Structures are given as structure tokens and as C-alpha cells.
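# Chains, contacts and geometry: an overview
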Amino acid sequence: MFCFQCQEACRNTGCDIQGMCGKKADTANLQDKLVQRLKVLALTHEATMELGRFVAESLFMTITNANFDNDRINAQIAKTDALIGGKTADAPLGVLATANEDVRSLRELLTYGLKGVAAYADHAAILGQEDIAIYKFMFKALAGAAKSEDANELVGLNLECGNIAVTTMALLDKANTGAYGNPEITSVKIGVGTRPGILVSGHDLLDFKELLEQSKDAGIDIYTHGEMLPAHYYPEFKKYAHLYGNYGNAWYKQNTEFASFNGPILMTTNCITPVQDSYKNRIFTTGLAGYPGVKHIADRKPGQAKDFSAIIALAKTCPAPTAIENGAIVGGFAHNQVLALADKVVAAVKSGAIKRFVVMAGCDGRHKTRQYFTDVAEALPKDTVILTAGCAKYRYNKLQLGDIGGIPRVLDAGQCNDSYSLVVIALKLKEVFGLDDVNKLPLSFDLAWYEQKAVAVLLALLALGFKGIRLGPTLPAFVSPGVAKVLVENFDIKATGDVAADVAAMMAGN
Ligand code: SF4
Ligand code: SF3
């Protein structure tokens, strides 16, 4: 195996014996095989709605911490093989099959950005929103990632991937807000109740909705975990009195938090970490998530909801969760809510009460060096506002950072895909202040990345022309020195560094 697609790649070089994420060599090799077959499919077929959806689902399965189940990946390979009629020779197998370091780097950057796009496209498709342009680009990009040796062409495809990521996040935003309403300011409890609960993690809101509906009279409570926290912000979910609160933090603490939750856990997408004995009998996967030996809730049949009765029945037999925290957190600052506060925000900027916005979106992760993001949040002057999305927020969303004239200093827009909201807000501010360039806004980026959705978000920001983005806690292992040079020269990308120096630089607009 060789995998370097996430921020926790071994020695920031690549995992070659076993993944730091727990992915074994056989699973990594099967994922490589699936991606290779998808490239052959893209080289030999025109994109259709049906094939596009299939490719999006398949790529989503290969995202970090999404699916560890060899049987499921094998089944997906078999379906792809049936589509391509056994043709396999046209695309390289595995990352290292591309010898030139810069070409490899650009091909993988594109492939990982595409995986992020695929995940968001799949979420939108589940809610009935699809766009053939997204699928067509997936095919074109996969073909490019398989064949192109031309660095300029690959750079172009990466920027196009950024544009498609914007299109896809916008589509998903439309799907989510269309189905569940516009997120609004919400206080979410982080303590526990006295009834047994089901803990729902991952990003899939339709799974969440169906589970809420099926469990509403069962005498149990529903809790969110990790990236499901923003579900509380949607009006549609607030209707359910048994939606209790959020339990725990970002994905990497699940080995202890799932144990103390005491009840069943539903993983709707990434991030799953190696399942521990203490909760292996009460964790379930669904959708494209998978883990060997873990019960899987089957896909919905046309026109029907998924059947969550097994998980609800199990919950009734479990003790209530053990409290690990108390209090509440506030979120729900997606574009509609922030634009409703626009007058207040603009007045605060004009009066100097808000000096700067700092976008601290993205992913959380295990590395101790991620303490940097907590330290930055604490070190930022009191006249700054942090705009966040994704599970990166858990590094600072429980700090008491106060507010500026009633505007909280941490504005959580939602899941990582809701980074789209932050873009809408930035573009609105640009318009209100009559600026000709987004980079003239009092806005800095200090992004945390872990898996491939963050790669898609980063490419989206680059495609939109944002410059001077800080990225950490390390730069990707798959970015070669040659490609890093291009990113620095054209986009002024920087690695996160010393907290005080970074804060001072951001406040000075650098
Ligand atoms: Fe390593 Fe990350 Fe790949 Fe897992 S996903 S094998 S941790 S690089
Ligand atoms: Fe987190 Fe996995 Fe990326 Fe959607 S849940 S942001 S890491």
C-alpha cells in the first residue's frame, strides 16, 4: 500500500505498512483498484446521471475514514468492472505508478479534490438535487488524472475542480435549505438527559431526518456528534422535541466518547475510527460508510425511508449517556442568518468594533500540533470575529470568547460543506463595501485540513481568487516541492507557524 491522501499520513510522507487511520494494506489496495477502475470508466464512457452518481458514490467510499469494509469495496469494483467490460490497462494503478513527482502531485491533488466534490454531490443527490455538469467534470478530471502528463493542463483541471466544488456546495446548500429550511441562531445543549439515546455522526441529513421521525414516540433522545452538530440549526429538525443536544467533540475522540455514550451510534458518513470492543455491538453504519463486522442499515428502497427500527429497539435497552460536559454552544450562522444580521455586522465594521474576520474552517484531527488553532482563537484580539465550518470548530467552539455588540466572536456556519456560506458572506461584504477584489476585505484564512473534503474546499477558495490562505497543521504530503512553489507564487499559500507571529501577520493583513 501507499496512501498520502490525508493530513495524518505517516511522517507527513505516506502510510506504507498500515494507515495511521487504521486502514489496512488490503483495504488501501482495494481502494486504489476502485479508483483506477473509475478512471478507466471515465476514459471509456460519457458521463450520464446514472454513471455520475455511481462514480460519486464510489469515490466517496474511498475518502479517509469512510469505509473500511473490503466486501463493500470489492462489490463496488465488481460493478465497475461490469461497466468497463474488464478493461484495466488504460489507467495507472496506485499513487506511485506515476513516476514524475510533480505530475503525481497534481494528479493526486485533483483526485482528492474530486473525492470531496463527490461526497458533496452525493449528499445533494440523496436530496434529489443533481447537476450533469458536475458529473461531466468528474469524468473529465478522472480521465485527466489518469492520463495527463502536462503540468499546465493539470493545474487548470485543479482550478476547474475548485469551481465545480463551489457549484457542488451551492447545490448541496440549496438541497439542504430546500428540505430543512435556513439554519438559524441556535443554542445547543452539550450535557445529557435521563433517557437512553441514539448518537448520530457524519454528514447525512436525510438519515438524520428519517431517524428522528421513526424514533419520536420511542421514549428515547437523539444526540448529534461531530459533523452532525449543525443539524440542530435547521428549523425542520427543531420540531422534534426528542432531539436533545450534541454529545462529544470531533471524530478522533470517538473511541472514548462512544464508550461513555452507552447507547447506539449511527455513522452516516466519515469519520469512523477503528471500532473498539466497548461499543462494537451498538455501532451501526449506513450509506457509504462501512466497517467490517459492524451492522449496516440497508439503503432506502425507492419511495421509502430507511428502516432504523433495529437501532431504535436497541436504544430502548441501553442506559442513558454518561455526562462528559455541561452547558451549551451557539451556532447557526449560515449565509441567510448572517445576511439577516448584515446591517449590524456592517455597522460594526464601519465603527471599528470589528477589525477583522478570520475564517478558521476545515477539519479537526489527532495531532497535538492542532492546539495551534485553539491558541490562535484565544490570541486573536477581542475585535475579531472567527467564521467557522466543519469539525475544525471543536478546537475553539467551547471557549468563552464573548461577543461584539451581540455578535458572537465565533460564528459557526455548519458542516465543512457550509464553507460555501462563508464564501457567500465574504462576497456579500465585498459588495457592501464596494470593493473590486475579495482580497481587500478585512478577512484572513487560517484553515485546518484533514481529509479530502477540505481539499475540495481549498481548491474552491483558490478558484474564487482568495489569496494568502494559511493551511495547517502541516502542508499536504502529496504536494511536491514543485507544486508547492506554484501554490506559493500564484496564491501566496502559507503553512501555519508560530501562533503570535501568525496572529500579528493576519491582523496586519498578511
Ligand atoms: Fe494514511 Fe491518511 Fe491514507 Fe489513512 S487516509 S492510510 S492515515 S494517508
Ligand atoms: Fe471532520 Fe471527518 Fe473533515 Fe466535514 S468529520 S470535516 S474530518
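Residues numbered from 1 in each chain as written. Chains lettered and ligands numbered in written order. Predicted model: local features only at pLDDT ≥ 70, side-chain atom pairs only at ≥ 80, totals over all residues. Heavy atoms only, no water.

### So, the overall build of the protein chain
Which entries qualify depends on this criterion: Put simply, DSSP marks the helices as runs of H or I at least four residues long and the strands as runs of E at least two long, and each gets a number from the N terminus on. Here the term buried applies to any residue with accessible area under 20% of the maximum for its type, exposed to any over 50%, and partly exposed to those in between, with areas from a 1.4 Å probe on protein chains only. Contacts are assigned to residue pairs that have any heavy atoms within 4.5 Å of one another. Where accessible areas are quoted, they stem from the Shrake-Rupley method and a 1.4 Å probe; at the residue level, only the protein chains shown are allowed to cover. Charge counting follows a simple rule: Lys and Arg are positive, Asp and Glu are negative, and His as well as the terminal groups are ignored. Charge positions are represented by NZ for Lys, CZ for Arg, CG for Asp and CD for Glu.
Across its full length, the protein chain holds 17 helices and 16 strands. For the protein chain, the spread of C-alpha atoms along the principal axes amounts to about 65 × 60 × 40 Å. Within the protein chain, the proportion of its 510 residues that are buried is 61%. Considering only intrachain contacts with a sequence separation of at least 6, the fraction spanning at least 24 residues in the protein chain is 76%. Entry remark: accessible area of the protein chain is about 18,300 Å², with carbon and sulfur atoms responsible for 53%. For the protein chain, the separation between the mean place of its 51 positive charges and that of its 53 negative charges on side chains is 2 Å.

### A few points about the layout of surface pockets
Applied cut-off: A cavity here means a set of points on a 1 Å grid, drawn over the protein atoms and nothing else, where a 1.4 Å probe fits but cannot get out; a pocket is an open set with protein on both sides within 12 Å along at least five of seven lines, and a residue lines either one if it has an atom within 4 Å of a point. Grid points are joined across faces, edges and corners, and a volume is the space filled by probe spheres set on the points. Throughout, the ten residues Ala, Val, Leu, Ile, Met, Phe, Trp, Tyr, Cys and Pro are labelled nonpolar, Asp, Glu, Lys and Arg are labelled charged, and all others, Gly among them, are labelled polar.
One number sums up the size of the largest pocket: a volume of about 470 Å³. Elements that contribute at least two residues to the lining of the largest pocket include exactly α2 (49-61), α3 (70-84), α4 (101-126) and α7 (205-215). Looking at the lining of the largest pocket residue by residue, the class counts come to seven nonpolar, six polar and ten charged. The space that makes up the second largest pocket amounts to roughly 310 Å³. Along the walls of the second largest pocket sit 16 residues, with I329, V330, N397, L399 and Q400 positioned nearest its centre. Examining the composition of the lining of the second largest pocket, we find that three residues originate from one element, strand β8 (residues 328-331), more than from any other.

### What to know about empty space enclosed by the protein
Where empty space is left becomes clear once a probe the size of a water molecule has been rolled over the atoms. Applying the stated criterion across every chain, the model contains eleven cavities of 30 Å³ or more. If you go around the largest cavity, you meet 20 residues; those closest to its centre are D32, V35, V95, E108 and Y112. Elements supplying a minimum of two residues to the lining of the largest cavity: α1 (25-44) and α4. Ranked by the residues each element gives to the lining of the largest cavity, the list is headed by α1, at six residues. One number sums up the size of the second largest cavity: a volume of about 110 Å³. In terms of residue class, the lining of the second largest cavity is built from six nonpolar, five polar and two charged.

### Describing the packing of aromatic side chains
Keep this limit in mind: Pairing of aromatic rings covers Phe, Tyr and the six-membered ring of Trp, with a centre-to-centre limit of 6.5 Å; geometry is then stacked below 30 degrees between planes, edge-to-face above 60, and tilted otherwise. Whether a charge sits over a ring comes down to the Lys NZ or Arg CZ being within 6 Å of the ring centre and within 35 degrees of the ring normal.
Summed over all chains, the structure comprises 19 aromatic pairs. Arranged with centres 5.1 Å apart and planes meeting at 65 degrees, the rings of F2 and F4 form a pair that is edge-to-face. F4 carries the same exposure label as F2, and that label is buried. The rings of F2, F4, Y112, W449 and F478 are connected pair by pair, giving a single aromatic cluster. Above the face of the Y244 ring, K189 is positioned so that its terminal group lies 4.4 Å from the ring centre. If you follow K295 out to its NZ or CZ, it ends over the ring of F284, 5.2 Å from the centre.

### Examining the nonpolar core
Nonpolar side chains tend toward joint burial in soluble globular proteins. Selection criterion: For this analysis, a nonpolar core means a set of buried residues of the types Ala, Val, Leu, Ile, Met, Phe, Trp, Tyr and Cys, connected via side-chain atoms within 4.5 Å.
Membership of the largest hydrophobic core comes to 120 residues, with the highest contact counts inside it found for M138, F357, L443 and L447. At 13 residues, the largest contribution of residues to this core is made by α4. When near neighbours in sequence (up to four residues on either side) are disregarded, L447 contacts V359, A361, F373, L458, L461, I469, R470, L471 and G472. One finds I222, Y234, F237 and I311 within the second-largest nonpolar core, a separate group that totals 24 residues.

### Looking at the UniProt feature "modified residue: Cysteine persulfide" (unreviewed entry) in the protein chain
Rules: UniProt positions are given in the numbering used here, feature names are shortened, and annotations may be inferred rather than shown by experiment.
UniProt records the feature "modified residue: Cysteine persulfide" (unreviewed entry) at C363, using the numbering of this structure. Looking at the element boundaries, C363 is found in the loop between β9 (356-359) and α13 (371-379). Here C363 falls in the buried class, since its relative accessible area comes to 4%.

### Remarks on the sheet that holds strand β6 (residues 283-286)
Note on sheets: strands pair through backbone hydrogen bonds, and any given pair is parallel or antiparallel. Worth spelling out the cut-off: A strand pair is defined by DSSP finding two or more bridges across the two strands. Fitted lines through C-alpha atoms give the axes, limited to the stretch in contact for helices. The angle between two N-to-C directions lies from 0 to 180 degrees.
The strand order across the open sheet formed by six strands is β4-β3-β2-β5-β6-β7, and the pairing between neighbours is parallel. Each edge of the open sheet carries a strand with a single partner, namely β4 (243-246) and β7 (295-297). For this sheet the average axis-to-axis angle between neighbouring strands, irrespective of direction, equals 30 degrees. Sitting on the sheet, helix α9 (residues 254-261) touches β2 (197-201), β3 (221-224), β5 (265-267) and β6, and the angle it makes with β2 is about 155 degrees.

### What about the site of ligand 2?
Filter applied, for reference: Any residue with at least one heavy atom within 4 Å of a molecule or strand is counted as near it. Each molecule is checked against the cavity or pocket grid, and it sits inside if more than half of its atoms lie within 2 Å of the grid points.
As a structural note, the neighbourhood of ligand 2 is formed by H203, E227, W251, N270, C271, G362, C363, C391, C416, Y450 and E451. Put simply, ligand 2 lies in the second largest cavity. Classifying every residue of the shell around ligand 2 by side-chain character gives six nonpolar, three polar and two charged.

### Some words on the UniProt feature "binding site: hybrid [4Fe-2O-2S] cluster" (unreviewed entry) in the protein chain
In this numbering, the UniProt entry assigns the feature "binding site: hybrid [4Fe-2O-2S] cluster" (unreviewed entry) to H203, E227, C271, C363, C391, C416, E451 and K453. Their sequence span is 251 residues, while the largest C-alpha to C-alpha distance among them is just 13.8 Å; these annotated residues converge on one region. The annotated residues named above include H203, E227, C271, C363, C391, C416 and E451 as those lining the second largest cavity. Note on placement: H203 falls in the loop between β2 and α7. Aside from chain neighbours lying at most four places away, what touches H203 is H123, E227, M228, T268, T269, N270, Q415, C416, N417 and K453.

### What about the pattern of salt bridges?
In plain terms, the rule: Any Lys or Arg side-chain nitrogen found within 4 Å of a carboxyl oxygen on Asp or Glu counts as a salt bridge.
All chains considered together, the criterion is met by 25 salt bridges. The salt bridge involving R195 is made with D221; its shortest N-O contact spans 2.8 Å. One end of the pair, R195, is in the loop between β1 (186-189) and β2; the other, D221, is in strand β3, with 26 residues separating them in the sequence. Each member of the salt-bridge network shares a partner with another, and the members are D207, E210, R300 and K306.

### A look at the side chain of E227
Here E227 is to be found in the loop between β3 and α8 (235-238). Take E227: its relative accessible area is 7%, and that puts it in the buried class. Excluding anything up to four places from it in sequence, E227 contacts G202, H203, G390, C391, K393, G414, Q415 and C416.

### Observations concerning the sheet that holds strand β16 (residues 494-495)
Taken in spatial order, the six strands make up an open sheet running β13-β10-β9-β14-β15-β16, and their pairing is parallel. Lying at the two open borders of the sheet, with one neighbouring strand each, are β13 (410-412) and β16. Pairing between strand β15 (residues 470-472) and β16: two bridges, direction parallel. Its bridge partner lying in β16, R470 is registered against K494.

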